[in-house]
Amino acid sequence: MRRMCNLGAALVVGALVATVSTTPAVAAGDGAGHGWVPAPQQPFDQPAGARCDFPIHVEAVMDEVRKKVLAEFPDGSPRREMYQGALLTKVTNTATGVSTLVDAGGMAMVEYATDGSMTWYVTGPVLFGFGENGGNLPRGAWLIDGQFVVEFSPTNHKTLTMVHGTTHNVCMDLD
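Quick caveat, the model's predicted, so the values are computed rather than measured.

Cut-offs used in this document
Residues numbered from 1 in each chain as written. Predicted model: local features only at pLDDT ≥ 70, side-chain atom pairs only at ≥ 80, totals over all residues. Heavy atoms only, no water. Helix = DSSP H or I, 4+ residues; strand = E, 2+ residues; numbered from the N terminus. Buried < 20%, exposed > 50% of the residue type's maximum accessible area, 1.4 Å probe, protein only. Core = buried A, V, L, I, M, F, W, Y, C linked by side-chain atoms within 4.5 Å. Phe/Tyr/Trp six-rings, centres within 6.5 Å; stacked < 30°, edge-to-face > 60°. Contact = heavy atoms within 4.5 Å. pLDDT = per-residue confidence, 0-100.

**Things to note about the overall build of the protein**
Right, so step 1: Summing up its helical and strand segments, the protein has one helix and twelve strands in all.
Right, so step 2: Across the protein, helices and strands are ordered from the amino to the carboxyl terminus as α-β-β-β-β-β-β-β-β-β-β-β-β.
Right, so step 3: Across the 175 residues of the protein, 48% fall into the buried class.

Set out below in structure tokens:
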């Protein structure tokens, strides 16, 4: 199996972000006593032009991702969470049927701010989607590998800061 570089939401991360932001609040506190729980990735579609020049479908083929609340806000909502686990994702060009498997099983610590922004501290590989003018990478489905930070503004604008690693636009493999 070929391994590509990817954070990554946004495709898988976008789905992950949607899952995180709709997670029911847990009891207030520091997160102590909360164990790891599954964080399954839901399949999703992106229309032509959203990430790639063509429509894509993204779904987990193997999903062992789990999360743990590390800290909470006074209202019990997550302030900091950790994600880790194997994730093999199939990305398909639905116009042609061409697909590729992507190892997106990195790990991330996500810190949420009260203004709706968040910061992901990541050791990849992770798959992130960037829309047109949606961040400091061009539009694409990016496999990002290595150590990096992705900051999401309250409007979902993404800023990738690489410590070291690589980026690869998976759209190029599906054309």
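Alright, that's what it looks like, and here's the rest.
**A look at the nonpolar core**
Right, so step 1: Counting 35 residues, the largest nonpolar core has Val91, Trp120, Phe128 and Val170 as the members making the most contacts within it.
Right, so step 2: Only β3 (56–63), β6 (87–93), β8 (107–112), β9 (118–123), β10 (126–130) and β11 (140–152) provide two or more residues apiece to this core.
Right, so step 3: In terms of residue count, the dominant contributor to this core is β11 (seven residues).

**Thoughts on the packing of aromatic side chains**
Right, so step 1: Across all of its chains, the model carries five aromatic pairs by this definition.
Right, so step 2: Geometrically, the ring pair formed by Phe128 and Phe148 is edge-to-face, given 6.4 Å between the ring centres and 75° between the ring planes. Of this pair, Phe128 sits in strand β10 while Phe148 is found in strand β11, placing the two residues 20 residues apart along the sequence.
Right, so step 3: Residue class for Phe148 comes out buried when judged on its relative accessible area of 2%.
Right, so step 4: Each member of the aromatic cluster is reached from another via a ring pair, and the members are Tyr83, Trp120, Phe128, Phe148 and Phe152.

**Description of the environment of Arg51**
Right, so step 1: Of note, Arg51 is situated in the loop between β2 (44–46) and β3.
Right, so step 2: Arg51 sits in the buried class, given a relative accessible area of 14%.

**Remarks on the side chain of Thr119**
Right, so step 1: Turning to its location among the elements, Thr119 is positioned in strand β9.
Right, so step 2: The exposure class assigned to Thr119 is buried, which follows from its relative accessible area of 16%.
Right, so step 3: Contacts of Thr119, omitting those with residues within four sequence positions, involve Met109, Val110, Glu111, Val149, Val150 and Glu151.

**What about the confidence of the model for the protein?**
Right, so step 1: Across the protein, the average pLDDT comes to 86, with 81% of residues at 70 or higher.
Right, so step 2: The model gives residues 1–31 a pLDDT under 50, and that stretch makes 117 contacts with residues more than four places away or in other chains.

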